[in-house]
Amino acid sequence: MEARLNLFGSPVAAKFGKYINSAGKVVTDSTLPKATQELVKIRASQINGCAGCLDMHTKEAAHAGETSVRLNLVAAWREAKVFTEAERAALELAEQGTRLADAAGGVTDEVWANAAKHYDEEQLAALVALIALINAYNRLNVIVQQPAGDYQPGQFA
């Protein structure tokens, strides 16, 4: 399988990638827990069907010490006992933020209030930015049918 467009070879796509990756560094360097960041990226990528991001973020999470049990249960986080209340709040915010077109009004006040119980303002800002960012990456990869499977942890560091 080959991508429809080489995102790394196109000058426009490469320049865009440079800027979007800079935005991602702001989130990465925030106080939002790294495990939460990866779980959110994985959940949004599952919803959006982005194999490239799932390949990357499951491998990065495992490389950072995340357990296979937790990685395997992200899609069923509501029924799983392995996530903290804070992680569950982040995953629910990520789901509603990813599925904006599925519900009039977007993210509910209840979901926002639950996230705000667990994260301070800076962490909430990072979480919102992360949800927007991973959805942008997902859309890039899904639109061009970016193949997945050969990502190595740290490949783009």
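Above this text you will find the structure in question.
Residues numbered from 1 in each chain as written. Predicted model: local features only at pLDDT ≥ 70, side-chain atom pairs only at ≥ 80, totals over all residues. Heavy atoms only, no water.

## Concerning the nonpolar core
So, point 1. Judged by nonpolar contacts, the single largest core of 14 residues is most densely connected at Leu-32, Val-40, Leu-93, Tyr-119, Leu-127 and Ile-131.
So, point 2. Mapped onto this core, the elements with two or more residues apiece are α5 (85-98), α6 (109-118) and α7 (121-144).
So, point 3. A total of 5 residues in this core trace back to one element, the largest contributor, which is α7.
So, point 4. Filtering out sequence-adjacent residues up to four positions away, Leu-127 remains in contact with Leu-32, Val-40, Ala-90, Leu-93 and Tyr-119.
So, point 5. By size, the runner-up hydrophobic cluster in this structure holds 9 residues, among which are Val-74, Trp-77, Ala-80 and Leu-91. (Core = buried A, V, L, I, M, F, W, Y, C linked by side-chain atoms within 4.5 Å. Buried < 20%, exposed > 50% of the residue type's maximum accessible area, 1.4 Å probe, protein only. Helix = DSSP H or I, 4+ residues; strand = E, 2+ residues; numbered from the N terminus. Contact = heavy atoms within 4.5 Å.)

## Structural notes on the packing of aromatic side chains
So, point 1. Under the counting rule described, the total for this entry stands at 2 aromatic pairs.
So, point 2. Relative to Phe-156, the ring of Phe-8 has its centre 5.6 Å away and its plane inclined at 20°; by these criteria the two rings are stacked. Here Phe-8 is found in the segment before α1 (11-28), whereas its partner Phe-156 is found in the segment after α7, with 148 residues between them in sequence.
So, point 3. For Phe-8, a relative accessible area of 59% translates into the label exposed.
So, point 4. Between the aromatic rings of Tyr-151 and Phe-156, the centroid separation amounts to 5.8 Å while the plane-to-plane angle is 40°, which identifies the pairing as tilted.
So, point 5. We classify Phe-156 as partly exposed; its relative accessible area is 48%.
So, point 6. Here the aromatic cluster, defined as three or more aromatic residues joined through ring pairs, consists of Phe-8, Tyr-151 and Phe-156. (Phe/Tyr/Trp six-rings, centres within 6.5 Å; stacked < 30°, edge-to-face > 60°.)

## Observations regarding the packing of α1 against α7
A pair of packed helices is captured by two measures, namely the crossing angle of their axes and the spacing between those axes.
So, point 1. Taken N-terminus to C-terminus, the directions of α1 and α7 make an angle of 150°; their axes are 9 Å apart at the nearest point. When the interaxial angle is binned, α1 and α7 end up roughly antiparallel. Handedness of the crossing formed by α1 with α7: left-handed. Each of Phe-16, Ile-20, Asn-21, Ala-23, Gly-24 and Val-27 in α1 lies in contact with α7, whose residues at this interface are Ala-126, Ala-129, Leu-130, Leu-133, Ala-136, Tyr-137 and Leu-140. (Axes fitted to C-alpha atoms, helices over the stretch in contact; angles between N-to-C directions. Parallel < 35°, antiparallel > 145°, perpendicular 65-115°, else oblique. Left-handed = near helix turned anticlockwise from the far one by under 90°.)

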